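# Chain and residue survey
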Amino acid sequence: MDVGGGSAPSDSGPRPWQSYNTVYTNAKAGMEGVDKEKVQRVVYEMSKGSKYFENEERKEAEMRQKVERMSAQCEKLSAAELSQNQMVADKRVLELEATRDLTKVWLHVDMDAFYAAVETLCDPSLRGKPLAVGSMSMISTANYEARRFGVRAAMPGFIACKLCPELIFVPPDFKKYTHYSDLTRKVFQTYDPNFMAASLDEAYLDITAVCRERNTISEEIAKELRNTVFEETGLTCSAGVAPNQLLAKVCSDIKKPNGQFILPNDRTAVMTFISSLPIRKIGGIGKVTEHILRDVFGINTCEEMLQKSGYICALFSRSTADFFLSVALGLGKTDTPEVRMRKSISNERTFSATADETLLYQKLAELAELLSTDMQREDLHGCTLTLKLKTSAFEVRTRAITLKRYICSSNDILKYASKLLKDELPVSLRLIGLRISHFKTERLGTLADPSQKSLTNFFLGDASKKLKDGNSSCTDTEDHSFASDMGTVIFLEGREMNLHEFGDQPDRIDARDCYQRNLFCENTEITNASSSCRIGDELQVDTPNSRKIDLAVDQSEYSDLLGTHSMLHVFDDGSHLDMAGDGHIMSHNEGNTCSKWQFSWLDDYKCSVCGVELPPSFVEERQEHLDFHLAEKLQREEPANQPRVHSSTQRTTPRQLSARRGKSKKHKASHNDGGHLPIHLFFGKMNQNF
DNA sequence: ATACATACC
DNA sequence: TACTGGTATGTAT
Ligand SMILES: Nc1ncnc2c1ncn2[C@H]1C[C@H](O)[C@@H](COP(=O)(O)OP(=O)(O)OP(=O)(O)O)O1
Ligand SMILES: [Mg+2]
Ligand SMILES: [Mg+2]
């Protein structure tokens, strides 16, 4: 791909194929001696004029527009803006550099031509011959013999046939691949019991301990591991060893197939390695990003990335800029990842394009059935359904709805999927897909993911301490390799809440949901789907460590402004939380780090209700109210010896305070011990928007 | 929350 | 004749 870099005309000239940028000529393993121009020409000839081709051209045009737009943005930057951004970038580089950890030894292992190798193992007569796993429509992978002809994954079979008439096709057989994958994982496990499988054919292993315990250098461990894998499976693999996961992955590709590359845990070695490395080799930088970085900034290598850090900070989001700067410094994840749970499950099918509605509904029903079966296998229930469509012109559309309840039956899936599809008709389609997400996170009173940390723990010191040490699986530093100074996310009934710890004011905490201002209101409804939660209700939370947190459902004093707007008061022995419907948290924790009420707004917090943005003055007013309120509250509470005080909310005006407290007490008094509903609060991975 | 785009195997 | 399928995540609104 990327032959002309935009210099060749798209519809005329002596070499029109040069403008058709396919991914197939990428420098992937095994493509070294390939006649790239020939591949490009054949692919172009076979594709030219097709609907697929037209769509690719449309996408390319969009990409060029994006490049244009960003180039213009670059031009527009004043010298002052630029130097300002350069300062930001330099500061960020220093901060990122400070997180460099060279104490771990990471190994990335990736099987060679995996599907094809398994097929060859099962049918030795295939050995030595060019082989593709897939069909005339699509190839999943090709062995190295076939790659010499330019045949590779994601290439349609009929084009591969033109490149390599001898090519043998074998249809995919996932049972085989999972079987052999399991065999390889048994081997991986002996080197790192917490190894992270990245796919059927690759994994990340922290071999720090093995190297230390056996007093063996990583090179020997890698050799031994690859030998064992071969003995156990008859399959070859390649390995990369480096101080972090990102670099290990790059390294495993270098000596492919059946080879290994070791990058020592030495800063100079890393910087030398990274400086000449084409950015496209880095996981996460694909065709589009490569183009943008090259055509907008003139960045081809990681070294150039560092030189253009000012521009990067000026034009990209914080998290993206951080990722690029991390890459430029050769940084990457060095921690053992937390238990990862699936976030979505989906099915999709391509068929010969049709606009026949009966036929389309029939396909939809089949998919709903399939999806439901897959969900039952893992006992999954989700509340967001996404319909995916691909028109006969290859244009992709998605339509989603989020339901108030969790679903899993094929009937329910089909019911809502049909509604989504109905609105799109008439349309000629070549693909339909269904996806379910936002899973129910709790089953039988226990958390699906045992590694989740409880909110109680967090505020009572356990997780809180770890957060400061930076060595917990849920700290902000762990995701820090790339995710900048993010805090942690709370999930409440499967919904994400951002939780931010201010770096310079460690006892300040602010949280809000990513999307909906009235998340708590929503969650209350969901949680109480069967028993209808009302204002004044109190609930009990079961946390993983068996602590109980009480939640009271409250209503804002501003409900006339905000509409019905519930909020939850959380209180626990010695610590209290007020969680407002707009996502703010106040914490009061006498026994630990917080010795007084804390409250915080984000500077750029935009307060909006029902889609209407409230003016900053509104926010400021509330801040004043709060200050007043807290002062008064502290005064009143200090002498009082109430065992558990319901805090008021930041929306409560001073004048209303006493009335409010009276109400709270009444709620407490009317507390009904029976029928506590479990709500689970737990920490999850950071979201970028903060 | 939704839609669309990008990336990876 | 024929250009995938499954999952995660980023960007923009
Ligand atoms: N685009 C794709 N579509 C469907 N399946 C794919 C695709 N790419 C890869 N796969 C499947 C088949 C591969 O054998 C398997 C592992 O992928 P990957 O490691 O990238 O390639 P590979 O193992 O076939 O060759 P190698 O690793 O030697 O380059 O995943
Ligand atoms: Mg592989
Ligand atoms: Mg792989």
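Residues numbered from 1 in each chain as written. Chains lettered and ligands numbered in written order. Predicted model: local features only at pLDDT ≥ 70, side-chain atom pairs only at ≥ 80, totals over all residues. Heavy atoms only, no water.

### Thoughts on helix 17 (residues 410–422)
Under the 1.5 Å per step criterion, the end-to-end length of helix 17 is 17 Å for 13 residues, consistent within 8% with the ideal 18 Å. Every buried residue of helix 17 is accounted for by S410, D412, I413, Y416, A417, S418, L420 and L421. On the buried face of helix 17, the contacting elements are helix 16 (357–377), strand 10 (382–391), strand 11 (396–407) and strand 12 (429–439). (Helix = DSSP H or I, 4+ residues; strand = E, 2+ residues; numbered from the N terminus. Expected span 1.5 Å × (residues − 1). Buried < 20%, exposed > 50% of the residue type's maximum accessible area, 1.4 Å probe, protein only. Contact = heavy atoms within 4.5 Å.)

### Quick look at the UniProt feature "domain: UmuC" (unreviewed entry) in chain A
Within this numbering scheme, the UniProt entry marks residues 106–286 as carrying the feature "domain: UmuC" (unreviewed entry). Structurally, residues 106–286 comprises 44% helix and 19% strand, and the distance from its first C-alpha atom to its last is 23 Å. (UniProt positions renumbered as here; feature names shortened; annotations may be inferred.)

### Describing the side chain of T233
Within the fold, T233 resides in helix 9 (residues 218–233). According to the relative accessible area criterion, T233 is buried, its value standing at 7%. Polar side-chain contacts of T233 include one of 2.6 Å to the backbone oxygen of V229. Setting aside its immediate chain neighbours within four residues, T233 contacts L121, Y180, L183 and T184. (Polar contact = N/O pair within 3.5 Å; in protein donor to acceptor, adjacent residues only side chain to side chain.)

### Considerations on the packing of helix 10 (residues 245–254) against helix 11 (residues 267–275)
Put simply, helix 10 and helix 11 touch, their axes get as near as 12 Å, and they point 60 degrees apart. Judged on the interaxial angle alone, helix 11 and helix 10 are oblique. By crossing handedness, the relation of helix 10 to helix 11 is classed as left-handed. Counting all contacts with helix 10, which are made through L247, V250, C251 and I254, the residues of helix 11 involved are V270, F273 and I274. (Axes fitted to C-alpha atoms, helices over the stretch in contact; angles between N-to-C directions. Parallel < 35°, antiparallel > 145°, perpendicular 65-115°, else oblique. Left-handed = near helix turned anticlockwise from the far one by under 90°.)

### Description of the pairing of strand 12
Taken across its eleven residues, strand 12 has eight buried, putting it largely inside the fold. The pairing of strand 9 (residues 344–354) with strand 12 spans eight bridges and is antiparallel. In the sheet register, T354 faces strand 12, and the bridge partner there is L429. (Pairing = 2+ DSSP bridges.)

### Let's talk about the coordination of the magnesium ion (ligand 3)
Coordination of the magnesium ion (ligand 3) by the protein is provided by D110 (OD), D201 (OD) and E202 (OE), with metal-donor distances spanning 2.0 to 2.3 Å. Between the donor residues of the magnesium ion (ligand 3), the gaps in sequence give the motif D-x90-D-E. For the pair the magnesium ion (ligand 3) and the magnesium ion (ligand 2), the metal-to-metal distance amounts to 3.4 Å, and D110 bridges them. Separated by 91 residues along the polypeptide, D110 in strand 1 (residues 106–111) and D201 in the loop between strand 5 (196–199) and strand 6 (202–206) bring together distant segments of the chain. Exposure class is identical for D110 and D201. Each is buried. (Donors = N, O, S within 2.8 Å, 3.2 Å for Na, K, Ca; no water.)

### Brief notes about the packing of helix 11 against helix 15 (residues 318–329)
The N-to-C vectors of helix 11 and helix 15 enclose an angle of 110 degrees; their axes lie 8 Å apart at closest approach. Relative to helix 15, the element helix 11 lies roughly perpendicular. Each of V270, M271 and I274 in helix 11 lies in contact with helix 15, whose residues at this interface are V327, A328 and L329. In the contact of helix 11 with helix 15, the residues fall into six nonpolar, no polar and no charged. (Nonpolar A, V, L, I, M, F, W, Y, C, P; charged D, E, K, R; others polar.)

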